Amino acid sequence: MCGIAGWVDYPGCARENPASAAKMARALVPRGPDAGGEWADNDAYLVHRRLVVVDPEGGTQPMVSPDCNIILIYNGELYNTEDLRQPLLSKGHTFQGHSDTEVLLHAYLEWGTGAFERLNGIYAFALWERDARRLTLCRDRLGVKPLFYSRTRDGIVFGSELKALLSHPWVRPVLGEDGLRTILLLGPARPPGCGVFENVDELRPGHFAVLTPDSFTDRTYWALHAHEHPDDEAATVQRTHDLIADAAARQLVSDVPLCTFLSGGLDSSILSMLAAKEYAKQGKVLDTYSVDYQDNAQYFTKSIFQPNSDNEYIYQMRDFIGSSHHEVVLDNGALCAALLPATDARDLPGMADVDSSLLLFCREVKRDFTVVQSGECADEIFGGYPWYHREEILFEDTFPWSRSVDLRLSLFAPGTVTHAAEFVREHYLATCQAAEKLPGDSRKDARMREMFLLNLQWFMACLLDRKDRMSMYSGLEVRVPFCDHRIVEYAYNMPWDLKALHGREKGIVRAAFAGELPPEIVDRKKSPYPKTFHPLYTQLTASYVRQIFKDENSIASGLFNHEAVEALMEQPESLSEPWYGQLMRTPQIFAYIIQLDRWFKKYGVTLK
């Protein structure tokens, strides 16, 4: 994985600003700590930072085509590199190394933008064509890798992260009304394509954009389409198994050490089991990692969202697959302190300690590994969350992971946001209406298609943001096999009674791997990423917020109703449901305020 950035300036002055390139490169060093490179002509300046995973010598970037006309900077990983290389060889292409970067460049030389639909992987890249003075930006189908841009009067500024854009003088951290509504009403989620700041956008997943001196076009090369499910139950179980196993196998390719995250849940257990089997064939032992919190066993509290703790299941899987397991235990004080660098990593207020814990976790894993597989995204596409199964939530006409606009509004100072309910509902309805359906869909299957797209474009996108920024801030590449677009396409058209086979969350996945995992793992109730239950964390975050509220220069302080927040401090258990997702309750509200304050101050954000 890597970081990319650059700009186009059609008056022909691009190469005259090397200081901006240096700042953008420095901003991306955590994503690419191993190497860097730049390329410039009069119209374009391209910046690359590299995390070496495959072909250390042959994958150097920016990469220039044999005719010196096309220059590529690329962040990502292709999982069908050899499937592409063979037809390219048959068409006369030659390769200097074995990197996916070189294959991608030659695929574009051969097929142009038609190459994009042939790619299987996670990626964001920029291609500059010197003769045509044309820039092409592309992002993977599920949006695993980020790519932001800002249109300027005479061109564009782009980069893997917002901090890279803000390192360029043409982009300013100005927050308009919709940006503020996004942060306060929808956050930590963002609308698809939203860059939060004024005049900043994110290239949407499955899209590519083309800039020329005369035009800018944004085009879709992949989208989910509804069609009849072709398979019976037995065939669906087998196809689900084969797709997951193939995606996991493809994503084991690496020239540097690889491990897996293991929570003892179904998804991470499947990936760890498959990896351990492959490693055993090679005479190697798989390393697995889990995370926990100091004294969590003492304070753990069961809920519908978190019915059990992970440890006993982790140890069972460790013994079952024979992995070398490492447990990372986080201190609650460090967890609170890490809220600040976690904000810097995401460039926005994020998922509070759900972010900061992952940041600390990834730092520890990075000590010995560069690549890791993780089980993200299975819950979104196979119906793993409680809101898929609780009828009173399923058909509720709102985002199921953030159901109460009134709760949020009760915490803000009067007049902080206007048209709140309308803003949230507009985005919710637009996503529901975009979900393709079939005339014969039952009411429930039609709603499940809406829920699928809502989860894919909002909740899963938020989790992918988290995983990318926290891991890459640590120089760690995290791969997510369940995000393979073939799995997503198959799951979208799977009838609910098959997806929830035997009435279980992710029932089809359980059936697909029932013969390869211990029954206790197959039957385990869904449990999310672990969080701290220690009252010390609540005390630390509440104390921090009180200090923020005393700061007359804090923009964040002025957005909140201090009395309402203080009331939560006095009765932290008064929230009956999470205010976002499954884990973010009262202490996470305090943590979000801390991150919001950090963001305003660190990034110099101004309100429009």
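Residues numbered from 1 in each chain as written. Predicted model: local features only at pLDDT ≥ 70, side-chain atom pairs only at ≥ 80, totals over all residues. Heavy atoms only, no water.

Enquirer: Can you break down the pairing of strand β5 (residues 70-78) residue by residue, with the values?
Expert: The element β5 is largely enclosed, with a buried count of nine among its nine residues. Burial along β5 is two-sided: Ile70, Leu72, Tyr74, Gly76 and Leu78 facing one way and Ile71, Ile73, Asn75 and Glu77 facing the other are all buried. As paired strands, strand β4 (residues 63-64) and β5 are joined by two bridges and run antiparallel to one another. In the strand pairing of β5, valine 64 is matched with isoleucine 71. A loop of five residues connects β4 with β5, the two strands running antiparallel in sequence, and cysteine 68 in this loop sits at a positive phi of about 65 degrees. (Buried < 20%, exposed > 50% of the residue type's maximum accessible area, 1.4 Å probe, protein only. Helix = DSSP H or I, 4+ residues; strand = E, 2+ residues; numbered from the N terminus. Pairing = 2+ DSSP bridges.)

Enquirer: Quick rundown of helix α26 (residues 586-603)? Include the residues and the values.
Expert: Its 18 residues place the ends of α26 26 Å apart at the C-alpha level, agreeing with the 26 Å of an ideal helix rising 1.5 Å per residue. For α26, the tally of buried residues reaches 15 of 18 residues, placing the bulk of the element in the interior. (Expected span 1.5 Å × (residues − 1).)

Enquirer: Explain the layout of surface pockets residue by residue, including any values.
Expert: The calculated volume of the largest pocket comes to roughly 560 Å³. In terms of lining, the largest pocket is formed by 31 residues, of which the most central are Arg141, Pro192, Arg204, Pro205 and Gln457. Element by element, the count of residues in the lining of the largest pocket is highest for helix α18 (residues 443-472), at eight residues. The residue makeup of the lining of the largest pocket, split by class, is 19 nonpolar, five polar and seven charged. (1 Å grid on protein atoms, 1.4 Å probe; cavity = no way out; pocket = protein on both sides within 12 Å on 5 of 7 lines; lining within 4 Å. Points joined across faces, edges and corners; volume = space filled by probe spheres on them. Nonpolar A, V, L, I, M, F, W, Y, C, P; charged D, E, K, R; others polar.)

Enquirer: Give a detailed account of the nonpolar core, specifying residues and quantitative values.
Expert: Membership of the largest hydrophobic core comes to 109 residues, with the highest contact counts inside it found for Phe560, Val565, Tyr580, Leu596 and Trp599. Other than its neighbours up to four places away in sequence, tryptophan 599 contacts Leu175, Ile183, Val196, Phe197, Thr343, Asp347, Leu348, Pro349, Gly604 and Val605. With 86 residues, the next largest nonpolar core counts Leu243, Leu271, Ile314 and Phe382 among its residues. (Core = buried A, V, L, I, M, F, W, Y, C linked by side-chain atoms within 4.5 Å. Contact = heavy atoms within 4.5 Å.)

Enquirer: I'd love a proper account of the sheet that holds strand β18 (residues 477-479), names of residues and values included.
Expert: Spatially, five strands are ordered β16-β15-β14-β17-β18 in an open sheet, and the strand pairing comes out parallel. Edge positions in the open sheet fall to β16 (324-330) and β18, since each of these has one partner strand only. Pairs of neighbouring strands in the sheet enclose a mean axial angle of 30 degrees, with direction left out of account. Where strand β17 (residues 371-373) and β18 come together, three bridges link them in parallel fashion. Across the sheet, residue glutamine 373 finds its bridge partner in β18, namely arginine 479. (Axes fitted to C-alpha atoms, helices over the stretch in contact; angles between N-to-C directions.)

Enquirer: Pulling in residues and values, what's your account of the environment of methionine 24?
Expert: Within the element layout of this structure, methionine 24 appears in helix α1 (residues 18-27). When the C-alpha positions of methionine 24 and histidine 534 are compared, they lie 39 Å apart, and in sequence the two are 510 residues distant. Not counting the four nearest positions on each side in its chain, methionine 24 is found in contact with Ala5, Gly6, Trp7, Val157, Phe158, Ala164, Ser167 and His168.

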